[in-house]
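# Fold and contact review
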Amino acid sequence: MTHKLYAPFSLADLKLPNRVVMAPMTRNRAAAGNVPTAMNAEYYRQRATAGLIITEATQVSADGIGYPATPGIHSDEQVKGWRQVNDAVHGAGGHIFVQLWYCGRISHPSLLEGKTPVAPSAIRPEGEAVTMQGMQAFVEPRALETDEIPGIVEQYRQAAKQAKAAGFDGIEVHAANGYLIDQFLRDGSNKRSDQYGGSVENRMRLLNEVLDAVCEEWPANRVGVRLTPENSFNSMSDSDPVKHFSYFISQLNQRKLCYMHILEGDMMTQKRTLDYRALRDRYKGVYMANQGYNKERAEQSIDQKDADLIAIGVPYLANPDLVERLKTGAELNSPDQATFYGGDEKGYTDYPLLS
Ligand code: PHB
């Protein structure tokens, strides 16, 4: 009998053929102007048997950039590029959401025409930015003025609108992994004293305003959100993730969003210390789990109702027919680390299919 992981699932009004999601993965292969290409369209088309594809993180504006050759969704050329991707995925019967991104302090002046990256507070992250000139130490970001924040929210709204024009099926608000919204959510990076800092209510204000704005462009049931309660990636920390994220989730419950997507654990240490079942039970909608899922864990999570959807990253980049391989227990292609970020078709669109 077919396992439930490989059986249809109703995600709001979308009929997904299965519960396996292609997780968002940065691949740094956009063309000049951060425009998606025919090669990007082919990469996503090859993976269209996923229940749902979530694109690589995509900047909402030129100010949101944080890495070389990552796509945007603010220029007409970018929208045209994404339309090519979406036509390819839809032509192959797939579903695709775009992940909306603003990097904040994880960027570098060389990517921002010399401007200093912005953040909730002027706290320099540990580590190095990826720039056109190679790795460079992160700089101390500039704390956003209170009256600049509506402009950032407006950039998300505009990007959500562009996502519709580009033909996406929905959007995912990237509120994870140490990028701007997450920098506001977690108290290690947010030391503000205005209405965007301090209490959980205030730290969540930016995410709430972004969700209000994008939900004016999309029905809430086509808007997902991604959170990372305990990821230390990008120099992040929080004094009480269970308490704080329990509040954030209780707020999300009021919105009837498409799904909540959680990267469970810490990408840096591979440790997973929080009780994700408890967070899942607190959430009243569709729960998408991610981080280190293989066939066995994915099937077991669905059986135990620990998750509704399973997002898989790295194995998906190396296996365009991942759903078929998991379903049949076939061997998986090994991912080639050297070609993860940047380059051409090699390690991108040339991973072999089973047959
Ligand atoms: C990365 O480029 O390393 C990256 C981008 C977005 C994420 C995580 C990692 O959410």
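Structure: see above.
Residues numbered from 1 in each chain as written. Predicted model: local features only at pLDDT ≥ 70, side-chain atom pairs only at ≥ 80, totals over all residues. Heavy atoms only, no water.

Strand order in the closed barrel made by the eight strands is S3-S4-S5-S10-S11-S12-S13-S14, with parallel pairing throughout. Taking each pair of neighbouring strands and ignoring which way they run, the sheet shows an average axis angle of 25°. Note: strand S4 (residues 52-59) against strand S5 (residues 96-101), five bridges, orientation parallel. Across the sheet, the residue bridging to Ile-54 is Phe-97, located in S5. (Pairing = 2+ DSSP bridges. Helix = DSSP H or I, 4+ residues; strand = E, 2+ residues; numbered from the N terminus. Axes fitted to C-alpha atoms, helices over the stretch in contact; angles between N-to-C directions.)

Once that is clear, we can look at helix H9 (residues 295-303). Along H9, the residues that are buried comprise Ala-298, Glu-299, Ser-301 and Ile-302. Projection of H9 onto a plane perpendicular to its axis shows the buried side chains occupying an angular sector of 160°, all on one side. Buried positions along H9 lie against strand S14 (309-312) and helix H11 (322-328). Backbone geometry just downstream of H9 places Lys-305 in the positive-phi region, at approximately 60°. (Buried < 20%, exposed > 50% of the residue type's maximum accessible area, 1.4 Å probe, protein only. Arc of directions from axis to C-beta. Contact = heavy atoms within 4.5 Å.)

Moving on: the pattern of salt bridges. Overall, the coordinates contain 17 salt bridges when judged by the stated rule. Two residues, Asp-63 and Lys-115, come together in a salt bridge whose shortest N-O distance is 2.8 Å. In this pair, Asp-63 is assigned in the loop between S4 and helix H2 (76-91) and Lys-115 in the loop between S5 and strand S6 (118-119), connecting sequence segments 52 residues apart. Taking the relative accessible area as the measure of exposure, Asp-63 reaches 32% and is therefore partly exposed. Assessed through its relative accessible area of 43%, Lys-115 is described here as partly exposed. Among the ionic pairs, Arg-272 bridges to Glu-264, the shortest N-O distance being 2.7 Å. Judged by its relative accessible area of 43%, Arg-272 is partly exposed. Residue Glu-264 is classed as buried on the basis of its relative accessible area, which comes to 3%. (Salt bridge = Lys/Arg side-chain N within 4 Å of Asp/Glu carboxyl O.)

So, about the side chain of Asp-266. Tracing the backbone through its elements, the reader meets Asp-266 in the loop between strand S12 (259-263) and helix H8 (276-282). Buried Asp-266, no salt bridge; nearest opposite-charge side chain is Arg-186, N-O distance 7.5 Å. Among the polar contacts listed, one links the side chain of Asp-266 to the side chain of Ser-232, at a separation of 2.8 Å. Once residues within four sequence positions are removed from consideration, Asp-266 is found in contact with Glu-230, Asn-231, Ser-232, Phe-233, Lys-271 and Gln-291. (Lys, Arg positive; Asp, Glu negative; His and termini not counted. Polar contact = N/O pair within 3.5 Å; in protein donor to acceptor, adjacent residues only side chain to side chain.)

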